[in-house]
Amino acid sequence: MTFDELDLAPELLKAVKNIGYKKPTTIQQETIPAALEGNDILACSPTGTGKTVAFLLPALQHLLDFPRRNPGFARVLIMAPTRELAYQIHEQATLLAANTHLKLGVITGGINYGSHKEIFEKNNDLLVATPGRLMEYLETENFHAEDVEILVIDEADRMLDMGFRGEMQRITDEARNRRHAMLFSATLESNAVEKFADQVLNDPIGIMAEPPKSETGKITQWIHLADDAHHKFALLVNILKQEETHKAIVFVKTRERLQTLIGQLQSEDVRCNWLQGEMPQDKRLKAIEKFQNGWVKVLVATDVAARGIDIDDITHVINYDMPRSADVYVHRIGRTARAGKKGTAISLIEAHDVRMVAKVERFTDQKLKRRVIEGLKPRYKEARIVKKKKVKGKAAKKVKLKKKK
Ligand code: AMP
């Protein structure tokens, strides 16, 4: 299927071509026609599947098909759990609406009311917002959601995880005049999402993006065995200094580990930026921007801090620390190989990580390749790492018997 086959206005198709999208992704092929017909949508779609364009195009098309008759507040309201995600959606919407006269706005915490006032006064057509700040404006009557015709809730699972249930309930109640609603969630398996979807959506069409397991097929994955922390660090520096490592995100498990690693990398002349939880918003955006623009090619982050960032062209995801579960592994590596591009995911494995590797292999149904770097080969083989203590005597016989069974 091509974008031309979707019932979209020429000004939107032109924007899609200018951005460089060749053909719609699976989620776009399924969502756009269903949304254009005015159906409620319940989509299971993690980031990286093209979900943002899937809800933006039909929403923009609606605004073009039914131009505003009366002055008022936003007619399309898109709710996002985090500031970064809200800005990313707004950015994509701006690109897609480049050839139209539609007015778009974004409202998040961390920014004073003065700059938002303008958005409310200017007959804004499409508004992207985070729940906390929008609630404040609803309560102070600076914003009303009665004009909302299309309501989109992005990353609903995370929205509920972050404790926005009450806010979302109120916002969806206020937007009661809507024509239809779309709810996107990385997973639909949680009871909370199911219950929430039941309340918000009316006879929705269910859409599944390709599951992340098959998405991982585009990513070249391998592991390096590391004898100890010192060896692991040497492997990391080697990988980061390789020419083909253009843009790498390095995951660590705690804030403390992050600080230590940054110090170590800097002493090896590896320029890097970092993201950690509870970072001032301006610092955070600056770190992301520098990485996005390619001024620094390494970004060190914890899982929590990396939530919601969507950066194109990440060539390498490096698990300096393995995650605590296999689905987080899939989520991490999904930050590379976005929308048809190639990507590499490398995990640095010490003895205590071997079990997690096995879990990941079972979960993704693929064996991770083992690789070595010349000059940095591990002294120990994997089997030795797993079986650190040699079992002798009677106990050894028991193990043998167990194995035979
Ligand atoms: P999302 O799932 O919305 O986070 O999108 C992931 C990435 O895919 C974004 O960087 C988009 O710019 C990109 N993208 C969205 N739709 C397409 C498409 N049809 N073809 C290629 N890239 C796309």
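Visitor: Hey, could you run me through the site of the ligand in this one?
Guide: Lining the immediate environment of the ligand, one finds 17 residues, of which Tyr-21, Gln-28, Gly-50, Thr-52 and Asp-312 sit closest. Measuring from an oxygen atom of the ligand, one finds a backbone N or O atom of Gly-50 at 2.7 Å. One of the backbone nitrogen or oxygen atoms of Lys-51 is found 3.2 Å away from an oxygen atom of the ligand. Notes on the ligand: free accessible area 500 Å², of which the protein chains cover 90%. When residues of the shell around the ligand are assigned to domains, at least three fall in each of domain 1 (3-213) and domain 2 (217-371).

Visitor: Before we go on, may I ask you to explain the sheet that holds strand E2 (residues 76-79) in this structure?
Guide: Hydrogen bonds between backbone groups are what pair the strands of a sheet, and the pairing can be parallel or antiparallel. Across the sheet, which stays open at both edges, the seven strands sit in the order E3-E4-E2-E5-E6-E1-E7 with parallel pairing between neighbours. At either margin of the open sheet sits one strand with a lone partner, and together these are strand E3 (104-107) and strand E7 (205-208). Across this sheet, the average inter-strand angle for adjacent strands is 15°, counted without regard to direction. In this structure, strand E1 (residues 41-44) lies alongside E7, joined through four bridges in parallel fashion. By the bridge assignment, Ile-41 is partnered in E7 with Ile-205. Across the face of the sheet, helix H4 (residues 83-96) comes into contact with E2, E3 and strand E4 (126-129) while running at roughly 175° to E3.

Visitor: Help me understand helix H5 (residues 113-121) in this model?
Guide: For an α-helix the count is 3.6 residues per turn, leaving residues at separations of three or four pointing the same way. Listing the buried residues of H5 in full gives His-116, Ile-119 and Phe-120. The arc that holds every buried residue of H5, seen down its axis, measures 95°, which confines them to one face. Pointing more than 90 degrees away from the buried face of H5 are the exposed residues Gly-114 and Glu-121. Phi turns positive, to about 50°, at Asn-123, one or two residues after H5.

Visitor: Please explain unusual backbone geometry as it appears in this structure.
Guide: Note: most residues except glycine have negative phi, and most peptide bonds are trans. Phi angles above zero are rare outside glycine, and Asn-123 is one such case at about 50°. On the secondary structure map, Asn-123 appears in the loop between H5 and E4. Although it is not a glycine, Asp-269 sits at a positive phi angle of roughly 60°. For Asp-269, the location among the structural elements is in the loop between helix H12 (255-267) and strand E10 (273-275).

Visitor: Help me understand the environment of Phe-55, please; the structure alone is not making it clear to me.
Guide: By secondary structure assignment, the location of Phe-55 is in helix H3 (residues 51-65). Owing to a relative accessible area of 0%, Phe-55 belongs among the buried residues under this scheme. When the C-alpha positions of Phe-55 and Ile-32 are compared, they lie 7.1 Å apart, and in sequence the two are 23 residues distant. Dropping the residues within four chain positions of it, Phe-55 is found in contact with Ile-78, Ile-89, Val-152, Asp-154, Met-182 and Phe-184.

Reading guide: rules and limits
- Residues numbered from 1 in each chain as written.
- Predicted model: local features only at pLDDT ≥ 70, side-chain atom pairs only at ≥ 80, totals over all residues.
- Heavy atoms only, no water.
- Near = heavy atom within 4 Å.
- Polar contact = N/O pair within 3.5 Å; in protein donor to acceptor, adjacent residues only side chain to side chain.
- Areas by Shrake-Rupley, 256 points an atom, 1.4 Å probe, with all protein chains shown as cover.
- Domains from an automatic or database assignment.
- Pairing = 2+ DSSP bridges.
- Helix = DSSP H or I, 4+ residues; strand = E, 2+ residues; numbered from the N terminus.
- Axes fitted to C-alpha atoms, helices over the stretch in contact; angles between N-to-C directions.
- Contact = heavy atoms within 4.5 Å.
- Buried < 20%, exposed > 50% of the residue type's maximum accessible area, 1.4 Å probe, protein only.
- Arc of directions from axis to C-beta.

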